[in-house]
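What follows is each chain in one-letter form.
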Amino acid sequence: MSDQGDSSSNATGTVIDDDDSCEKKFLRNIRTYVLRIGRMTAAQERDYNELSPTWCIPFDENQLLDFSTVFGNTNPVTIEIGFGMGTATAEIAAANPDINYLGIEVHKPGVGRLLGEIKRRNLRNIKIIQYDAMEVLEKMIPDNSVRAFHIFFPDPWPKKRHHKRRLLTRPRTNLLARKLASGGYLYFVTDWREYGEWALEELRQTEGLQNSYTDFAEHQKWRPETKFEKKGLAADRIISELYFIKQ
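Okay, so let's go over this structure. Computed from a predicted model, the values in this text were never measured in an experiment.

Description of the environment of S52
Here S52 lies in helix α2 (residues 42–55). Separated by 77 residues in sequence, S52 and I129 place their C-alpha atoms 9.7 Å apart.

Here it is as structure tokens:
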């Protein structure tokens, strides 16, 4: 889950065999999230029931997506993993109508909230998949097809025994790199400094990715600052950002 929801953490993980079968087993069996039970507001429930048939794509392990068919155009596609309540997602999509956005989120209230934003802002460049992001990427997203990944404030999984659940850890970063098109970018933001340092090393060691900065990135001015982020800053937490390009 992302910033726009609750914060959780990941850190340093276990040694993973690079064998393809081991990598797929790791991606399939170790989840990067906990499915929290959250109440939907009446508005979120209404928007979910009314709008999900139009804007949500069902998970199908046998369906490799054709983005031009999904969005009705050939514009580049950005995937946001864990959009939380979707506020930043909607703002970014509204500011960039010539880019398509695919949001992946497991939490139903956040999906309902973003669907409401899509309707309120009359957006036409967002689709949603409500499912585990790693399985979606592995089964539904073509290799070398994604313009960008946005990963904003994912669960940091701070306890050492949970580090293997972190989204920004190998071999998950290998999968992300494989899905990126050449020249595409991965933009990661966290308010958990240790996770930022961990992710920096994991991405540095991911084949095909190159850091655009010496270490941490500067804030990208087009990324909206959310309520969650403001709370972190008010609590004197350091915001760490990473910006890697696929070579």
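Picking up after the structure, the text goes on.
Notes on helix α4 (residues 87–95)
Think of an α-helix as turning once every 3.6 residues; residues three or four places apart then point the same way. Listed as buried for α4 are A88, T89, A90, I92 and A93. Residues of α4 that are buried in the fold lie against β1 (77–81), β2 (100–104), α5 (108–121), β3 (126–129) and β4 (146–152).

Considering the packing of helix α6 (residues 133–140) against helix α7 (residues 172–179)
Running from N to C, α6 and α7 point in directions that differ by 45°, and their axes come no closer than 11 Å. In terms of axis orientation, α6 runs oblique to α7. The handedness of the crossing between α6 and α7 comes out as left-handed. Only R172, L175, L176 and K179 of α7 make contact with α6, whose side of the interface consists of M134, L137 and E138.

Cut-off values and rules
Residues numbered from 1 in each chain as written. Predicted model: local features only at pLDDT ≥ 70, side-chain atom pairs only at ≥ 80, totals over all residues. Heavy atoms only, no water. Helix = DSSP H or I, 4+ residues; strand = E, 2+ residues; numbered from the N terminus. Buried < 20%, exposed > 50% of the residue type's maximum accessible area, 1.4 Å probe, protein only. Contact = heavy atoms within 4.5 Å. Axes fitted to C-alpha atoms, helices over the stretch in contact; angles between N-to-C directions. Parallel < 35°, antiparallel > 145°, perpendicular 65-115°, else oblique. Left-handed = near helix turned anticlockwise from the far one by under 90°.

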